[in-house]
Amino acid sequence: MSTSTQERPARERATWVCDNCHSRTAGLRKRCADCGTSRY
Ligand SMILES: [Zn+2]
């Protein structure tokens, strides 16, 4: 049994999906470049 339970993100963690237009935006800006909606 492996004690390592660290999850490796397959996708780039630096990107997030906009909840408004479902567009991929760089997490560095934390703001959608398509509709201009903030993540939170
Ligand atoms: Zn958006």
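Note that the structure is predicted; figures quoted are calculated from it, not measured. (Residues numbered from 1 in each chain as written. Predicted model: local features only at pLDDT ≥ 70, side-chain atom pairs only at ≥ 80, totals over all residues. Heavy atoms only, no water.)

## Here's the deal with the overall build of the protein
Of the regular secondary structure elements, the protein holds zero helices and two strands. Counting every position in the protein, which comprises 40 residues, the buried fraction comes to 12%. In the protein, the proportion of contacts linking residues at least 24 apart, taken out of those at least 6 apart, comes to 0%. (Helix = DSSP H or I, 4+ residues; strand = E, 2+ residues; numbered from the N terminus. Buried < 20%, exposed > 50% of the residue type's maximum accessible area, 1.4 Å probe, protein only. Contact = heavy atoms within 4.5 Å.)

## With respect to the coordination of the zinc ion
Geometrically, a metal with four donors at the corners of a regular tetrahedron has ideal angles of 109.5 degrees, and one with six donors at the corners of a regular octahedron has ideal angles of 90 or 180 degrees. Distances from the zinc ion to its protein donors, Cys18 (SG), Cys21 (SG), Cys32 (SG) and Cys35 (SG), fall within 2.2 to 2.3 Å. Sequence positions of the donors to the zinc ion reduce to the motif C-x2-C-x10-C-x2-C. Taken together, the positions of Cys18 in the loop between β1 (15-17) and β2 (24-26) and Cys32 in the segment after β2 put the pair 14 residues apart, joining distant regions of the chain. Classification of Cys18 as buried rests on a relative accessible area of 1%. A relative accessible area of 3% means that Cys32 is categorised as buried. (Donors = N, O, S within 2.8 Å, 3.2 Å for Na, K, Ca; no water.)

## Digging into unusual backbone geometry
A positive phi angle, near 55 degrees, is found at His22, a position not held by glycine. Considering the arrangement of structural elements, one finds His22 in the loop between β1 and β2.

## What about the side chain of Thr25?
Along the polypeptide, Thr25 turns up in strand β2. Assessed through its relative accessible area of 6%, Thr25 is described here as buried.

## Quick notes on the environment of Cys32
Linking Cys32 and Cys21, residues eleven residues apart in sequence, is a C-alpha distance of 8.7 Å. When near neighbours in sequence (up to four residues on either side) are disregarded, Cys32 contacts Trp16, Cys18, Cys21, Ser23, Thr25 and Thr37.

## A few points about the environment of Ser38
Mapping Ser38 onto the fold places it in the segment after β2. With a relative accessible area of 42%, Ser38 lands in the partly exposed category. Sequence-wise, Ser38 and Asn20 are 18 residues apart; in three dimensions their C-alpha atoms are separated by 9.4 Å. With residues near it in sequence (within four places) discarded, Ser38 still touches Trp16, Lys30 and Arg31.

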